[in-house]
Amino acid sequence: MVTPIKMLNGQGVRITVGMLLLSLLAACGPKQKSEPGQAMASVNGEEITAMQLAEEMQRANVPAAQQAAAKKQLLESLIDRQVLQNAAVADKADRDPKVVQAIERAKAQIIAQAYLQKKVGTPSPPTKAEVADYYHKHPEFFAQRKQIAMNQLVFASADMSDKAKAVIDNAKSLDEVAAWFKDNNVKFAPAQITRATTDLPPDLSSRLLSMKAGQLFLIKEGERSLLNTVADVKDAPVTLETAGPQIEQYLMNSKSKEAATAEIARLRAAAKIDYLNKEVAGEPKPAPAAAAPAASSDQSVAKGVAGLK
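Residues numbered from 1 in each chain as written. Predicted model: local features only at pLDDT ≥ 70, side-chain atom pairs only at ≥ 80, totals over all residues. Heavy atoms only, no water.

Chemist: Sorry, what's going on with the overall build of the protein chain here?
Modeler: Check the secondary structure of the protein chain and you find 11 helices and 7 strands. Residue burial in the protein chain is summarised as follows: out of 309 residues, 30% are buried. The contacts of the protein chain with a sequence gap of at least 6 include a subset with a gap of at least 24, amounting to 75%. As presented, the protein chain carries roughly 20900 Å² of accessible surface, and 55% of it is formed by carbon and sulfur atoms. (Helix = DSSP H or I, 4+ residues; strand = E, 2+ residues; numbered from the N terminus. Buried < 20%, exposed > 50% of the residue type's maximum accessible area, 1.4 Å probe, protein only. Contact = heavy atoms within 4.5 Å. Areas by Shrake-Rupley, 256 points an atom, 1.4 Å probe, with all protein chains shown as cover.)

Below, the structure is given as structure tokens:
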């Protein structure tokens, strides 16, 4: 019997519109003339300053060896952004209700984030003992980490007819299904992949490791489906020395998140919150408690160490 496993794919987000909105947000406030020698370019009288360029460089985190070339590219990007902003304002795009709403939303997010950054700050790095303790408490992601090699048949989900499902359910191997696909003109592509247990959700890793040799399982990813079988499982441990920097960053991120959650809970407790639309809000909920340590969530832990190879 084939084992169905459903997974959701993330979708990328384009940021061009967001950059324009932030530019329009900046345009809403009064502009000051830069100090002499600070203007890097001028677009229809609107100056692009050295401070703006420096901020772009900082955001891009450009290595020292590439900064000279990057400055030229980023300056051109700033000019492009200013040209777009000028055209948008001339076209009165900044007065569109949806754009105004988006600007207000971006403004609120920026101000809220600035407050949290000021209030919470940067947490102190974890000690070597804390990093080592985390490492030893999660052997499944480090000392007992494994690599799973899988063979696949990739085909369109639309081709999963009742007959195809019956064939897959009763098949003993991928080759048997591939032969049936060929005979019935079902397009497919064979593939081989290797995934570490830290790259997969914990529940999926556990299921894969518990499967019998040759057992088929199905993963549906929207318009395509993947029929898989585990070909090999190898030990792939990660040492404390290798994992240490990522664990340290993960623990710092967890501390920041906990501190932010605690501050939001404090502010909510002190605020007078009235739910005016009962159909949307439902029953009022108490202020959230401070978050438990992120390490207690297996899925969060998995994401925290997913980059280890």
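Chemist: Where do I start with the packing of helix α2 (residues 50-60) against helix α3 (residues 67-90) in this structure?
Modeler: Where α2 meets α3, the closest approach of the two axes is 10 Å, and the angle between their N-to-C directions is 115°. Of the two possible hands of crossing, α2 and α3 adopt the one that is right-handed. Seen from α2, the contacting residues are Q52, L53, E56, M57 and A60; seen from α3, they are Q67, A70, K71, L74, L75, L78 and R81. The residue makeup of the contact of α2 with α3, split by class, is 7 nonpolar, 2 polar and 3 charged. (Axes fitted to C-alpha atoms, helices over the stretch in contact; angles between N-to-C directions. Left-handed = near helix turned anticlockwise from the far one by under 90°. Nonpolar A, V, L, I, M, F, W, Y, C, P; charged D, E, K, R; others polar.)

Chemist: Explain unusual backbone geometry here, please?
Modeler: In terms of backbone geometry, most residues other than glycine have negative phi values and most peptide bonds are trans. The backbone phi angle of N44 is positive, close to 55°, even though this residue is not glycine. The residue N44 is located in the loop between β2 (39-43) and β3 (46-49) in this model.

Chemist: Can you walk me through α2 in this structure?
Modeler: Residue pairs three or four apart in sequence face the same way in an α-helix, which turns once every 3.6 residues. Taken as a whole, α2 has its buried residues at L53, E56 and M57. Taken end-on, α2 shows its buried residues confined to a sector of 100°, consistent with a single buried face. Of the exposed residues in α2, those oriented more than 90 degrees away from the buried face are M51, Q58 and R59. The positive-phi residue at the C-terminal boundary of α2 is N61, with phi of around 50°. (Arc of directions from axis to C-beta.)

Chemist: Sorry if this is basic, but what is going on with the packing of helix α4 (residues 97-120) against helix α9 (residues 240-270) here?
Modeler: Packed helices, taken two at a time, are described by the angle their axes make and the gap between the axes. Remark: α4 packs on α9, axes separated minimally by 10 Å, with the N-to-C direction vectors making an angle of 110°. As far as their axial angle goes, α9 and α4 are roughly perpendicular. Every residue of α9 that contacts α4 at Y115, L116, K119 and V120 is listed here: S256, A259, A260, E263, R266 and L267. (Parallel < 35°, antiparallel > 145°, perpendicular 65-115°, else oblique.)

Just geometry here; none of it tells us what the structure is for.
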